[in-house]
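Working through the structure, step by step
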Amino acid sequence: MDGIDYITKVMKGNDCYTIFLPEGKHTVELTGGNAFSNSINVTSLWSSNGIAIFGSLAVLLLAALYLFLKIKKRKYSTV
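Residues numbered from 1 in each chain as written. Predicted model: local features only at pLDDT ≥ 70, side-chain atom pairs only at ≥ 80, totals over all residues. Heavy atoms only, no water.

Quick look at the overall build of the protein chain now. The number of helices and strands found in the protein chain is one helix and two strands. Going from N to C terminus, the protein chain has its helices and strands arranged as β-β-α. A globule of 79 residues ought to have a C-alpha radius of gyration of about 12 Å, yet the protein chain, at 27 Å, is considerably larger. With the principal axes as the frame, the protein chain shows a C-alpha extent of 85 × 25 × 20 Å. Here the protein chain displays about 7800 Å² of accessible surface, and carbon together with sulfur accounts for 65% of that area. Side-chain charges in the protein chain split into 8 positive and 5 negative, and the spacing between the mean points of these groups amounts to 39 Å. (Helix = DSSP H or I, 4+ residues; strand = E, 2+ residues; numbered from the N terminus. Rg over C-alpha atoms; globule rule 2.2 N^0.38 Å. Areas by Shrake-Rupley, 256 points an atom, 1.4 Å probe, with all protein chains shown as cover. Lys, Arg positive; Asp, Glu negative; His and termini not counted. Charge placed at Lys NZ, Arg CZ, Asp CG, Glu CD.)

What follows is the structure in structure tokens.
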């Protein structure tokens, strides 16, 4: 809280958590989860980036192949 580590009381509800903080206006940074959930998030980030890059490369290669075949067909049709 406000750039300083602050130990607070956390209460678990049925489907949420409640955190008690002191009165006033503050800047708070919360970190949730455990090591397992963090590793799943990192794996998800890298796999989604890999899928997006693979898809983009596939589309670019298909477009290049299409253009190559169009040019090659044009050369043979004029002869």
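There is more to say, and it comes next.
In terms of strand pairing, strand 1 (residues 9–12) meets strand 2 (residues 17–20) through four bridges, oriented antiparallel. Paired with Lys-12 across the strands is Tyr-17, a residue of strand 2. Following strand 1, the chain reverses through four residues before pairing antiparallel with strand 2. (Pairing = 2+ DSSP bridges.)

Quick look at the environment of Leu-21 now. Checked against the element boundaries, Leu-21 lands in the loop between strand 2 and helix 1 (35–78). Judged by its relative accessible area of 43%, Leu-21 is partly exposed. Note: C-alpha distance between Leu-21 and Val-10 (11 residues apart in sequence) is 9.7 Å. Setting aside residues up to four positions removed in sequence, Leu-21 forms contacts with Tyr-6, Thr-8 and Val-28. (Buried < 20%, exposed > 50% of the residue type's maximum accessible area, 1.4 Å probe, protein only. Contact = heavy atoms within 4.5 Å.)

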